[in-house]
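Chain by chain, the residues run as shown.
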Amino acid sequence: QVQLVESGGGLVQAGGSLRLSCAASGFTFSSYAMGWFRQAPGKEREFVATISWSGGGTDYADSVKGRFTISRDNAKNTVYLQMNSLKPEDTADYYCAADTTGRSIKRREDDYEYWGQGTQVTVSS
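Right, let's walk through the structure included here. (Residues numbered from 1 in each chain as written. Predicted model: local features only at pLDDT ≥ 70, side-chain atom pairs only at ≥ 80, totals over all residues. Heavy atoms only, no water.)

**Focus: the state of the cysteines**
At step 1: Counted under the stated rule, the structure contains 1 disulfide.
At step 2: The disulfide that involves Cys 22 links it to Cys 96, with 1.9 Å between the sulfurs. Of the two residues, Cys 22 sits in strand S3 (residues 18-25) while Cys 96 sits in strand S9 (residues 92-99), which places them 74 residues apart along the sequence.
At step 3: Here Cys 22 falls in the buried class, since its relative accessible area comes to 0%.
At step 4: Exposure remark for Cys 96: the relative accessible area of 0% places this residue in the buried category. (Disulfide = S-S within 2.5 Å. Helix = DSSP H or I, 4+ residues; strand = E, 2+ residues; numbered from the N terminus. Buried < 20%, exposed > 50% of the residue type's maximum accessible area, 1.4 Å probe, protein only.)

**Considerations on unusual backbone geometry**
Negative phi values dominate among residues other than glycine, just as trans dominates among peptide bonds.
At step 1: With phi around 55°, Asn 77 is a residue other than glycine that occupies positive phi space.
At step 2: Among the secondary structure elements, Asn 77 is positioned in the loop between strand S7 (68-73) and strand S8 (78-83).
At step 3: Not every positive phi belongs to a glycine, and Ser 85 is a case in point at roughly 50°.
At step 4: Tracing the chain through its elements places Ser 85 in the loop between S8 and S9.
At step 5: The class of Ser 85 is partly exposed, set by a relative accessible area of 42%.

**Thoughts on the pattern of salt bridges**
At step 1: Tallied over the entire structure, the rule returns 9 salt bridges.
At step 2: For Arg 45, the salt bridge goes to Glu 109, with nearest N and O atoms at 3.1 Å. Taken together, the residues span a long stretch of sequence, with Arg 45 in the loop between strand S4 (33-39) and strand S5 (46-51) and Glu 109 in the loop between S9 and strand S10 (114-115) at a distance of 64 residues.
At step 3: The salt bridge involving Arg 107 is made with Asp 59; its shortest N-O contact spans 2.7 Å. (Salt bridge = Lys/Arg side-chain N within 4 Å of Asp/Glu carboxyl O.)

**Some remarks on the sheet that holds S7**
What holds strands together in a sheet is hydrogen bonding between their backbones, with the strands either parallel or antiparallel.
At step 1: The sheet built from 4 strands is open, its strands ordered S1-S3-S8-S7 with antiparallel pairing. In this open sheet, the two edge strands, each paired with only one partner strand, are strand S1 (3-7) and S7. With direction set aside, neighbouring strand axes in the sheet form an average angle of 15°.
At step 2: As paired strands, S3 and S8 are joined by 6 bridges and run antiparallel to one another. (Pairing = 2+ DSSP bridges. Axes fitted to C-alpha atoms, helices over the stretch in contact; angles between N-to-C directions.)

Here it is in structure tokens:
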């Protein structure tokens, strides 16, 4: 079955960096788009970043553009989210998601069929 396992979350000071990883299994990872979403306490889950099957296409939420970078290693079945210049408002649970029906980038939650359990990121001021 499809499994997505996030790691790399933690506590960091404002201005710091973290790299999240999402290890995928149970499907042909290299064929499909992946995404990162986040949910802050008391808020709805929101789009963060997406990457196409090859890594050639990416898209970001305006709030993270220029600070976060999504990438993937298809040989390792892993997608990454490098987060730099972190702000307290980046505090959230971060989820990776797999779109096993398409290859192109997608921003909508409804386009993703499988989700990880999430990893917590806390940015202190």
